[in-house]
Amino acid sequence: ARALTPQTAETDAIRFLVGTQSLRYDNQIHIIDFDDENNIINKNVLLHQVGEIWHISTSPADKGVLATCYNKTSDSKVMTCAAVWRMPKELESGSHESPDDSSSNAQTLELLCHLDNTAHGNMACVMWEPMGDGKKIISLADNNILLWDLQESSNKAVLSSSTTLEGKGQLKFTSGRWSPHHNCTQIATANDTTVRGWDTRSMRQIYCIENAHGQLVRDLDFNPNKQYYLASCGDDCKVKFWDTRNVTEPVKTLEEHSHWVWNVRYNHSHDQLILTGSSDSRVILSNMVSISSEPFGHMVDDEELSDQEDQHQEEKIKEPLQDSVIATYEEHEDSVYAVEWSSADPWLFASLSYDGRLVINRVPRALKYHILL
């Protein structure tokens, strides 16, 4: 397995979706519900009979709707296609009792529509408009950016605009993210060693970070609270943080992994918490306070302090907090291809390795209280 996503529209129950990559059997989507109070994981299985799943993403507005990118073989050629699906009604919201034998009564996904890419090449990923009504999605296919409108209860996808990456060689997008800022009019894409920003209204390039990494860029994520901040990671084992207004140098670089870094994710509520997963089989949680939206900690109300404390406090406030690695998680024995924060609990995250192992972890309690108090 290499595809993992939180159920974005579900903000009460802790829920992740995992897509399998099996050549021998029908592929499946596993709906993972985590019961926080009792520390129990429940699982429901949906059949995904069209092929092995490379990427999975969920609608921000409708709990039952998701998109997958999957491999399909036709005329002895393998194509990566994308489609939008609906899960059975009774599985849409979280916390179900798991049946004893979940494989025997697996249900099937309902196909809503294909994102037809016959003219555009292989699909790398599908991104939903972050704050939207779940009707706008962008797919990256080879060197094309395609903006789709989903119509009639998502049963039809209409291509509303597109653009093509021009240049020498075989240009292919590896991944992309839709920015939650600027009224959701910007996306960032990665191709080869380059990160680019695009305006979704004009489909024109707005910034370009050439040689963002020494090798292939694998993943990107936007800081949820600081509109110009973007994280990238890649095959040079590095994670880099950029201010898109000045792309000549990264603001910070993390060099904690010893192999390709597949995934980087900002915490949705506390943007100092950064999660990365790598083919060194490790998941690393970093505390990037200096470039977060609270680089000096919480400001203290002046009136509460006496003069002597006041001076001391001022000195303390001016000192920026230190960046550090909080924890390294070694529960995986294979490449970690995906890490994701829960959309319901800001202190909880999941990681997925290729051997199909899913691990759920929490931010260490001491750090949680340090951030909150």
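In this text, all values refer to a predicted model and were calculated from it rather than measured experimentally.

Q: Give me the sheet that holds strand E9 (residues 110-115): which residues, what numbers.
A: A sheet is described by the order of its strands in space; here four strands give the open sequence E5-E6-E7-E9, paired in antiparallel fashion. The open sheet is flanked by strand E5 (53-58) and E9, the only strands paired with a single partner. Averaged over neighbouring strand pairs, the angle between their axes works out to 30° when direction is ignored. Pairing of strand E7 (residues 77-86) with E9 involves five bridges; the strand directions are antiparallel. Bridge pairing in E9 places tryptophan 85 opposite leucine 111.

Q: Describe the sheet that holds strand E10 (residues 123-128), naming the residues involved and giving the relevant values.
A: Read from one edge to the other, the open sheet built from four strands follows the order E10-E11-E12-E13, with strand pairing classed as antiparallel. Taken across any chain shown, the strands that pair with only one partner, and hence form the sheet edges, are E10 and strand E13 (156-164). With strand direction ignored, the average angle separating the axes of adjacent strands in the sheet is 25°. When strand E12 (residues 144-151) meets E13, the two strands line up antiparallel, connected through eight bridges. Among the inter-strand pairings, aspartate 149 is bridged to a residue of E13, identified as valine 158.

Q: Explain the UniProt feature "repeat: WD" (unreviewed entry) in the protein chain to me, using residue names and the numbers behind them.
A: Those places that UniProt annotates as "repeat: WD" (unreviewed entry) correspond, in this numbering, to residues 210-246. Helix makes up 0% of residues 210-246 and strand 46%, whereas the separation of the span's terminal C-alpha atoms amounts to 12 Å.

Q: Account for the nonpolar core, naming residues and giving values.
A: Grouped together as the largest cluster of nonpolar side chains are 17 residues, with contacts concentrated most on Val84, Leu115, Met123 and Ile137. Contacts of leucine 115, omitting those with residues within four sequence positions, involve Ala82, Ala83, Val84, Met123, Val126, Ile137, Ser139, Trp148 and Ala157.

Q: I'd like to hear about the packing of aromatic side chains, residue by residue, with values.
A: The tally for this structure, following the rule as stated, stands at six aromatic pairs. On the numbers, 5.6 Å between centres and 80° between planes, the contact of tyrosine 337 with tyrosine 354 is edge-to-face. Taken together, the residues span a long stretch of sequence, with tyrosine 337 in strand E26 (residues 336-341) and tyrosine 354 in the loop between strand E27 (348-353) and strand E28 (358-362) at a distance of 17 residues. When the centroid spacing of 5.4 Å and the interplanar angle of 70° are considered together, the rings of tryptophan 341 and phenylalanine 349 count as edge-to-face.

Q: Explain the state of the cysteines residue by residue, including any values.
A: By definition, a disulfide links two cysteine residues through a covalent bond between their sulfur atoms. Overall, the coordinates contain zero disulfides when judged by the stated rule. A disulfide-free cysteine, cysteine 208 has its sulfur positioned 18 Å from the sulfur of cysteine 125, the nearest such atom.

Q: Break down the pattern of salt bridges for me, with residues and values.
A: Pairing is possible between side chains of opposite charge, provided their charged atoms come close. Summed over all chains, the structure comprises 15 salt bridges. Put simply, aspartate 33 and arginine 15 hold a salt bridge, and the shortest N to O gap is 2.9 Å. Of the two residues, aspartate 33 sits in strand E3 (residues 27-35) while arginine 15 sits in strand E2 (residues 14-19), which places them 18 residues apart along the sequence. When its relative accessible area of 2% is taken as the criterion, aspartate 33 is described as buried. The shortest N-O distance in the salt bridge between arginine 265 and aspartate 219 comes to 2.8 Å. One end of the pair, arginine 265, is in strand E22 (residues 261-266); the other, aspartate 219, is in strand E18 (residues 217-222), with 46 residues separating them in the sequence. Relative accessible area serves as the criterion here: at 7%, arginine 265 is assigned to the buried category. Linked by salt bridges that have partners in common, Asp62, Arg86, Lys89 and Glu92 make up one network.

What counts and what doesn't
- Residues numbered from 1 in each chain as written.
- Predicted model: local features only at pLDDT ≥ 70, side-chain atom pairs only at ≥ 80, totals over all residues.
- Heavy atoms only, no water.
- Pairing = 2+ DSSP bridges.
- Helix = DSSP H or I, 4+ residues; strand = E, 2+ residues; numbered from the N terminus.
- Axes fitted to C-alpha atoms, helices over the stretch in contact; angles between N-to-C directions.
- UniProt positions renumbered as here; feature names shortened; annotations may be inferred.
- Core = buried A, V, L, I, M, F, W, Y, C linked by side-chain atoms within 4.5 Å.
- Buried < 20%, exposed > 50% of the residue type's maximum accessible area, 1.4 Å probe, protein only.
- Contact = heavy atoms within 4.5 Å.
- Phe/Tyr/Trp six-rings, centres within 6.5 Å; stacked < 30°, edge-to-face > 60°.
- Disulfide = S-S within 2.5 Å.
- Salt bridge = Lys/Arg side-chain N within 4 Å of Asp/Glu carboxyl O.

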